[in-house]
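Observations on the three-dimensional arrangement
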Amino acid sequence: MKIKWLVLLALGWSGGWFSHQYLSSRDKEADGQSAGDDSMPRWSGGLERAPASMVADDLPGAGDRIDTMLSERLYSEAVEYFSNSVSDTAAQQAKTKIVAYLKILLERENYQDLEQLLSLYLQQQYRDVDALLIRARLQQARNNYRSSINTLYEALSWEHRPFAINSIRARIRSTVDALDTQLLQTGDNGKRLSLYEDLVLLEPDYSVWFLRLAKVQIELRDLDAARQSLILIESDPAVAGLVHGLLAEIEDTVTFEHQMPVSVPLVREGNHFVVEGRLNGTLPVRLLIDTGASMTLLKTEILSAAGLSSASASAVRVFTTANGRVQGSVYHVDSFSIGDQEARNMDIAGLDMPGMDAVDGLLGMNYLERFRFYIDQEQQQLRLSAPQ
């Protein structure tokens, strides 16, 4: 079986979702798992079954034991019991019990115990969508809407079932609307600006967030920034009429000297996109766009072709992947370009990525965040404005 890589950098998860859905769904297809199965592998090194003396979890009463632990608030022991399950049956049974108990704690508004158990469980099962959705509800119940939105995007990054994806997106929209209404009532445009600046990074293919960002920027009289936000999405037919009307009002007021965004063609790979770039101005590379990766990643053989070896690495860091933690070397490169938009003095990580034959790596946020950018799915273009 080829191992497909799913990169979540230890430097901090940014809430992206393009490569998470693409690569992890390919993982599950290759493994024969269902799209909704979030469990991690139990055994490594080719061990298919635990020794006979260790399979007591399959005996009657195993579920009763974890019920007892949960009812007695022995949460660490319950999660440890789950983590040490030596069969898929026992692991799934324990997981079902824990998630069901999380829902009970939420319904009872026992938020202290809920937070304690959630934290322990998600340390082991960070890809469990059900648990993440419960955490989002807890955060919203505590009136922490911003954290709830970030958690919902994290859940979205791991979900693969179309109906569930649509449900999570609907929750994101309603939570954003609720928070925006609160901020409008208090007149806090500064927090509204921060909200939509984050949202256009979390979901850079959703033009509505850009439009709302521009409206807040207009209210704050930052017309230059508003114009940059609007011209990124002016080709989207869903918002084109509103965008052109706002642009006309702005440009009648102020004369702008900034250049128009650069549009770079994208190649669709399923529901995801690949873009061509250049390393140090010369070496062409094909990268999968991953707004969830804090750092741009390239295969080690690509970096070797650019004359970079482990001896020239500036640091060695640990990266968390769907297949466990791995070490990767970090290199400082003179430049990296997409189209005519060049980022200078940039860090790139090198990792072995067996099975990723169609691309040379992942385009991460340490490049993209240097620009204002929009992923135009209709036109299949990455639109990049002048460096910020």
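Residues numbered from 1 in each chain as written. Predicted model: local features only at pLDDT ≥ 70, side-chain atom pairs only at ≥ 80, totals over all residues. Heavy atoms only, no water.

Leu102, Leu117 and Leu199 are the most contacted members of the largest nonpolar core, which totals 66 residues. Sorting elements by how many residues they give to this core places helix 4 (residues 88-107) first, with 8 residues. When sequence neighbours within four positions are dropped, the list of residues in contact with leucine 199 reads Ile149, Tyr153, Val176 and Trp209. Within the second largest apolar cluster, 28 residues are counted, among which are Leu266, Leu287, Phe336 and Ile338. (Core = buried A, V, L, I, M, F, W, Y, C linked by side-chain atoms within 4.5 Å. Buried < 20%, exposed > 50% of the residue type's maximum accessible area, 1.4 Å probe, protein only. Helix = DSSP H or I, 4+ residues; strand = E, 2+ residues; numbered from the N terminus. Contact = heavy atoms within 4.5 Å.)

Before going further, it helps to examine helix 8 (residues 162-186). The first and last C-alpha atoms of helix 8 sit 37 Å apart over 25 residues, in line with the 36 Å expected at 1.5 Å per residue. Turning to helix 8, its buried residues number three or more, namely Ala164, Ile165, Ile168, Arg171, Ile172, Arg173, Thr175, Val176, Leu179, Asp180 and Leu183. Backbone geometry just downstream of helix 8 places glycine 187 in the positive-phi region, at approximately 70 degrees. (Expected span 1.5 Å × (residues − 1).)

Of note, arginine 135 is situated in helix 6 (residues 129-141). C-alpha separation for the pair arginine 135 and serine 148, spaced 13 residues apart in sequence, amounts to 7.5 Å. Those residues within four positions of arginine 135 in sequence are excluded, and the remaining contacts are Glu115, Leu118, Ser119, Leu122 and Thr151.

Two side chains with opposite charge may pair up if their charged atoms get near one another. Going through the model one piece at a time under the given rule, you end up with 13 salt bridges. In this structure, the salt-bridge partner of glutamate 203 is arginine 173, at a minimum N-O distance of 2.9 Å. Note that glutamate 203 is positioned in the loop between helix 9 (189-202) and helix 10 (207-219) and arginine 173 in helix 8, a separation of 30 residues in sequence. You'll find glutamate 203 and arginine 173 in the same group, each marked buried. Several salt bridges converge on common partners, so that one network encompasses Glu115, Arg135 and Arg142. (Salt bridge = Lys/Arg side-chain N within 4 Å of Asp/Glu carboxyl O.)

Further remarks concern the sheet that holds strand 12 (residues 381-384). Pairing is antiparallel across the open sheet formed by 3 strands, whose spatial order is 2-12-11. Because the sheet does not close on itself, it has two edges, and the strands there are strand 2 (262-265) and strand 11 (373-376). Neighbour to neighbour, the strand axes of the sheet diverge by 20 degrees on average, direction disregarded. (Pairing = 2+ DSSP bridges. Axes fitted to C-alpha atoms, helices over the stretch in contact; angles between N-to-C directions.)

What follows deals with the packing of helix 6 against helix 8. At a minimum axis distance of 13 Å, the contact between helix 6 and helix 8 shows a crossing angle of 15 degrees. Comparing their axes, helix 8 and helix 6 come out roughly parallel. In the packing of helix 6 onto helix 8, the handedness of the crossing is left-handed. Between helix 6 and helix 8, the contacting residues are Val129, Leu133, Ala136, Arg137 and Gln140 on the first element and Ile168, Arg171 and Thr175 on the second. Residues of the contact of helix 6 with helix 8, tallied by class, amount to 4 nonpolar, 2 polar and 2 charged. (Parallel < 35°, antiparallel > 145°, perpendicular 65-115°, else oblique. Left-handed = near helix turned anticlockwise from the far one by under 90°. Nonpolar A, V, L, I, M, F, W, Y, C, P; charged D, E, K, R; others polar.)

Once that is clear, we can look at the environment of asparagine 366. Of note, asparagine 366 is situated in helix 14 (residues 365-368). The class of asparagine 366 is buried, set by a relative accessible area of 14%. Considering only alpha carbons, one finds asparagine 366 and threonine 291, 75 residues apart in sequence, at a separation of 9.5 Å. Setting aside residues no more than four positions away along its own chain, asparagine 366 makes contact with Ser294, Met295, Thr296, Met346 and Asp347. Engagement of the side chain of asparagine 366 in a polar contact is seen with the backbone oxygen of aspartate 347, the distance being 2.7 Å. (Polar contact = N/O pair within 3.5 Å; in protein donor to acceptor, adjacent residues only side chain to side chain.)

Moving on, we get to unusual backbone geometry. For asparagine 280, which is not glycine, the phi torsion reads 55 degrees and is therefore positive. When you line up the elements, asparagine 280 lands in the loop between strand 4 (272-279) and strand 5 (283-289).

What follows is about helix 9. With 14 residues, helix 9 extends 20 Å between its outermost C-alpha atoms, agreeing within 8% with the 20 Å of an ideal straight helix rising 1.5 Å per residue. Buried-residue contacts for helix 9 involve helix 7 (145-158), helix 8 and helix 10.

Let us look at the confidence of the model for the chain. On average, residues of the chain carry a pLDDT of 82, and 80% of them reach 70 or more. By mean pLDDT, the top-scoring element of the chain is helix 6 (98), and the lowest-scoring one is strand 1 (residues 7-8) (38). Note that residues 1-61 has pLDDT below 50 and, in this model, 150 contacts with residues that lie over four places away or in other chains. (pLDDT = per-residue confidence, 0-100.)

To continue, consider the packing of aromatic side chains. Tallied over the full model, the rule gives 8 aromatic pairs. With a centroid separation of 6.3 Å and an interplanar angle of 50 degrees, the aromatic rings of tyrosine 75 and tyrosine 101 are classed as tilted. Of this pair, tyrosine 75 sits in helix 3 (residues 75-83) while tyrosine 101 sits in helix 4; the two residues are 26 residues apart in sequence, bridging distant segments of the chain. On the basis of relative accessibility, which here comes to 15%, the residue tyrosine 101 falls in the buried class. A ring pair is formed by phenylalanine 336 and tyrosine 367, whose centres lie 5.7 Å apart and whose planes are at 80 degrees; its orientation type is edge-to-face. With phenylalanine 336 in strand 8 (residues 324-338) and tyrosine 367 in helix 14, this pair connects stretches of sequence that are 31 residues apart. What makes tyrosine 367 buried here is its relative accessible area of 0%. (Phe/Tyr/Trp six-rings, centres within 6.5 Å; stacked < 30°, edge-to-face > 60°.)

Residue position: threonine 175 is located in helix 8. Note on threonine 175: relative accessible area 2%, which makes it buried. When near neighbours in sequence (up to four residues on either side) are disregarded, threonine 175 contacts Gln140, Tyr145, Ser148, Ile149 and Leu152.

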